[in-house]
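# Examining the three-dimensional arrangement
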Amino acid sequence: MREIVTIQVGNYANFIGSHFWNFQDELLGLAEIPESDQVFKNHSLDMDVLYRTGETQQGLLTYTPRMVSVNFQGSLGSVSSRGSLYYQIPAKHLDVMAWKGRVTTHASEPLKRNLFLQSLNEEEQESVNKANDLDNLNNNSQAEIQDKDIVECLESDVQYWTDFSKVHYHPQSLYELSGLWTDIQDFDNYGLGKEAFCGHQHGEEIDDRLRFFIEECDHIQGIQCVVDDSGGFSGVSAMFLESIADEYPNVPVLLYNARNPSLHMDSKGRKQVISRNLHDAVSFSRLSELCKLIIPVGLPSLSGSRASQYLCIKDEKPYHSSAVYASAMHSFSLPFRMKQLGPSAESICTSGALDMYGMVKMLAGQMRQNMVAILDVAMPTPSLSVDRAQQSFLGNLQPLIPDIAEDVEDFHAVEAMNIHGAVTSGNRRASISEVKDAVEAAYDNSVTQRPKFSHLSASTCPLPIPLPFPLIFGNMVGQHGELLETPISGSPSRGSLEVHSIPMATRLRSSTAVLPFLESKLGNLRRFGIERGALGAPLLQSWGFGKDEVEDMGEVLSKMVTTLKPHLEYSSDSD
């Protein structure tokens, strides 16, 4: 067993995580349904890599994500931090009371479950009661109407990441940061997060949660960490990762650094712009030091990017944008859980299995030793048909972060590409060998320079679209993710009731194309925090950073740049 433990820190990171686990739950469900497509029954993915088996006090077997979630107190909505699978001992009421005066109790009403969570509860009750076949038959039409109502309800009223989560969690998984007397909007800088982790014994308690999952692993292959780096949670994450590095120095950490596009929609004054730029530079510098590979994602406008050319994204809705980033996360992590079934079996369902250590070593351990990877996505990826081969893979793979240079010559570029559920002419599902041939043809017919080294992973299993998924597909996307010749009349956006699965392509690459992104962060740190008379120097001091620490962070960013551009000498000195 090569287990992975997942960490989700911050509100937006948990939105991404909620979609990610819904995909896994959907795969598990489809594998058990007799009438589902054979591609889901034979996906050749080892779900035990991400999940753990357990048992309740009543002797019921459980199968829950090996995951630790960290967020604000009250961020779980109507879901209990203890989950719903394990028996929870009710609090005892003490009869002894020292106070002799009047006592007034103020109790807030529990949050109501939305329509989706109500339906989950009803399904579980039905399975327990074992309703007869006649009742199930009579309820079919009602269930169909209910699904439509559920989709509409979620589309208009998602407030918490648990509102659309269909997964049961272990009691050790969900951790709330109590005792923070601030609104989430004001928890907006690295210094606040650093202070929050160290205070109130949060650090020790979160470490214990992670230790619970790691110590029961047979042979852990790594930790995948999703971080909302837009505010104080980047500081929480950095302190958490520091303790991980101390306690598990040989466990590779792959860090998925996410940014909610809705944050770019607010107009800010000069003081806020300086604070934001400094936070971004400090956060990226500190987090990149504490992982083996960092994958930043977060476009200022996902809806206006080429990555969403077949999608209908509303940037102001985290429910929308997080679905795209979670889809990409699911896709690029597939090689970590592909079963090694031998050459003959591998050629049928999957190809190119790679563990996390191998991925990190390939992308961050080549000649230049750079640890920043660009994530590109094609969602959905077009057909593999020969006449569209170039467009299919190279033209449609678009980066999920801004400031990425195009058409750069990099003779040391390295990439890991993953394609799953691809279709070919006639919308027929492509075989593994057809995927490999199409990728070769795409590079042969393209002016784009081939990378120095490329690893291809392929799977016949597409991305399943669970019921709680936003209406983000355009009217050119068909039921199985195929791109149609003519748009479907009616609503311009479609969801899980119309689109059941999609083919996906993702690519992680180490390339000089990331230089503008890194140079922007280095420039902001030098301009606002390091240079003589820098306007942001007092702000950094209030975050707990001395001059030497700030210069060290500048050196970290400078080293990233010079690694990719060795003929330039960047320095953090103010002279």
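Here the structure is a predicted model, which means the values were calculated and not measured.

### Notes on the overall build of the protein
Helices and strands together make up the secondary structure of the protein, namely 17 helices and 20 strands. By residue count, 54% of the 575 residues in the protein fall in the buried class. Partitioning the intrachain contacts of the protein with sequence separation of at least 6 by distance along the chain shows that 80% fall at a separation of at least 24.

### Overview of the nonpolar core
Tyr 256, Met 379 and Leu 400 are the most contacted members of the largest nonpolar core, which has 80 residues in total. The element contributing the most residues to this core is helix H1 (residues 11-32), with nine residues. Core analysis: the next-biggest nonpolar cluster, separate from the first, contains 64 residues, Ile 7, Ile 404, Met 560 and Val 561 among them.

### Looking at the pairing of strand E20 (residues 504-510)
Within E20, seven of the seven residues are buried, which leaves it mostly tucked inside the rest of the structure. Alternating positions in E20 separate into two faces, Met 504, Thr 506, Leu 508 and Ser 510 on one and Ala 505, Arg 507 and Arg 509 on the other, with burial throughout. Inspection of the sheet shows strand E10 (residues 374-378) paired to E20 by five bridges, in the antiparallel sense. When the sheet's bridge partners are listed, Leu 375 is paired in E20 with Leu 508. Bridge count for strand E12 (residues 414-420) against E20 is seven bridges, and the pairing is antiparallel. Residue pairing across strands places Met 417 opposite Arg 507, the latter belonging to E20.

### Digging into helix H10 (residues 318-332)
Taking 1.5 Å of rise per residue, 15 residues should cover 21 Å, and H10 covers 21 Å from first to last C-alpha, within 8% of that figure. In terms of burial, H10 is largely enclosed, as 14 of its 15 residues are buried.

### A word on the confidence of the model for the protein
The predicted model of the protein has a mean per-residue pLDDT of 86, with 85% of residues at 70 or higher. Looking at the elements of the protein, mean pLDDT is at its lowest for helix H4 (residues 133-138), recorded as 49, and at its highest for strand E1 (residues 4-9), recorded as 98. Across residues 89-96, where pLDDT falls below 50, the model places zero contacts with residues more than four positions away in sequence or in other chains. Note on residues 569-575: pLDDT is under 50 here. Beyond four places in sequence and across chains, it has 20 contacts.

### Examining the pattern of salt bridges
Inspection of the entire model under this criterion finds 22 salt bridges. Residue Glu 216 pairs with Arg 52 through a salt bridge whose shortest N-O separation is 2.5 Å. Of the two residues, Glu 216 sits in the loop between helix H7 (202-215) and strand E6 (222-228) while Arg 52 sits in strand E2 (residues 51-55), which places them 164 residues apart along the sequence. With relative accessibility at 34%, the residue Glu 216 sits in the partly exposed group. Connected through salt bridges with shared partners, the residues Asp 229, Arg 259, Arg 276 and Asp 280 form a single ionic network.

### Some remarks on the packing of aromatic side chains
All told, the structure shown has 16 aromatic pairs when counted by the stated rule. Between Tyr 256 and Phe 332, the ring centres sit 5.9 Å apart and the planes meet at 40 degrees, which makes this aromatic pair tilted. Linking Tyr 256 in strand E7 (residues 253-258) with Phe 332 in helix H10, this pair joins segments that are 76 residues apart in sequence. Summarising the burial analysis for this pair, Tyr 256 and Phe 332 share the class buried. Taken together, the aromatic side chains of Phe 20, Trp 21, Tyr 51 and Tyr 63 make up a single cluster linked through ring pairs.

Cut-offs applied
Residues numbered from 1 in each chain as written. Predicted model: local features only at pLDDT ≥ 70, side-chain atom pairs only at ≥ 80, totals over all residues. Heavy atoms only, no water. Helix = DSSP H or I, 4+ residues; strand = E, 2+ residues; numbered from the N terminus. Buried < 20%, exposed > 50% of the residue type's maximum accessible area, 1.4 Å probe, protein only. Contact = heavy atoms within 4.5 Å. Core = buried A, V, L, I, M, F, W, Y, C linked by side-chain atoms within 4.5 Å. Pairing = 2+ DSSP bridges. Expected span 1.5 Å × (residues − 1). pLDDT = per-residue confidence, 0-100. Salt bridge = Lys/Arg side-chain N within 4 Å of Asp/Glu carboxyl O. Phe/Tyr/Trp six-rings, centres within 6.5 Å; stacked < 30°, edge-to-face > 60°.

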